[in-house]
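# A structural walkthrough
The lines below spell out each chain.
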Amino acid sequence: MPRRPWRCYRHFGTPPYTRKEYIRSIPHIIIPKFTLGNIHSRHDTEYRLVVMESGQISQNALEAARLGAYKYLTRKLGEQNFFMKIMVFPHHIIRENKMMAMAGADRLQDGMRLSFGTPIGRAARVRKGQTIITVKADKTQLEIVKEALRRAASKLPLKCRILVSFQ
């Protein structure tokens, strides 16, 4: 399995790399579902996981956050008592200039000459204040949903805040 140095790609300063018609090997999206739970139910409270700084979130981190929150919510509430949606999509394609680190590797590679890089994964670019995950549930399940979103936030590389809005 290739090394995934996501911490190097947390912050961005370059334009997004999203033109799929120019990329020869596009990494697949590993997030199977973006909407989870009971889609048709009506709830009186909306919980949002909001990012506090701009940056990039890899699709691996998004999937880990989704899975952690979803498993906790289904274990505590059941699958029919909430609705959860991932609000961002990993459009940006991450590139890496692969370097060899063995004896004699300096004769086999060019270093930074023509160092465009090969695609290794995807990431979602987010702005400060953007919602990452939305959960709709009842007012009585406040602590359970907040704990699920706290667990999801611990999987993400950026600082997050949980916002609750009663309807």
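Since this is a predicted model, take the numbers as computed values, not measurements.

Their axes nearest at 8 Å, the elements helix 1 (residues 59–77) and helix 2 (residues 142–154) cross at an angle of 160 degrees. Overall, the two elements helix 1 and helix 2 adopt an arrangement that is roughly antiparallel. Every pair of crossing elements has a handedness; the one defined by helix 1 and helix 2 is right-handed. Contacts from Ala65, Ala69, Tyr72, Leu73, Arg75, Lys76 and Leu77 of helix 1 reach helix 2 at Ile144, Val145, Glu147, Ala148, Arg151 and Ala152.

With that settled, consider the sheet that holds strand 1 (residues 35–37). The pairing of strands in a sheet happens through backbone hydrogen bonds and is either parallel or antiparallel. Pairing is antiparallel in the open sheet, where five strands are placed in the order 1-4-7-2-8. On the outer flanks of this sheet lie strand 1 and strand 8 (160–166), each paired with one strand and no other. If you compare each strand with its neighbour and ignore which way they point, the axes differ by 15 degrees on average. Direction of pairing for strand 1 relative to strand 4 (residues 83–86): antiparallel, over a ladder of three bridges. Each residue of the ladder has a partner; that of Leu36, found in strand 4, is Met84. On top of the sheet, helix 1 reaches strand 1, strand 4 and strand 7 (131–137); it is set at about 175 degrees to strand 4, its chief contact. Its contacts with the sheet put helix 2 on strand 2 (45–51), strand 7 and strand 8, and the angle it makes with strand 2 is roughly 20 degrees.

Thresholds, definitions, all that
- Residues numbered from 1 in each chain as written.
- Predicted model: local features only at pLDDT ≥ 70, side-chain atom pairs only at ≥ 80, totals over all residues.
- Heavy atoms only, no water.
- Axes fitted to C-alpha atoms, helices over the stretch in contact; angles between N-to-C directions.
- Helix = DSSP H or I, 4+ residues; strand = E, 2+ residues; numbered from the N terminus.
- Parallel < 35°, antiparallel > 145°, perpendicular 65-115°, else oblique.
- Left-handed = near helix turned anticlockwise from the far one by under 90°.
- Contact = heavy atoms within 4.5 Å.
- Pairing = 2+ DSSP bridges.

Any functional reading would require information beyond the geometric quantities listed.
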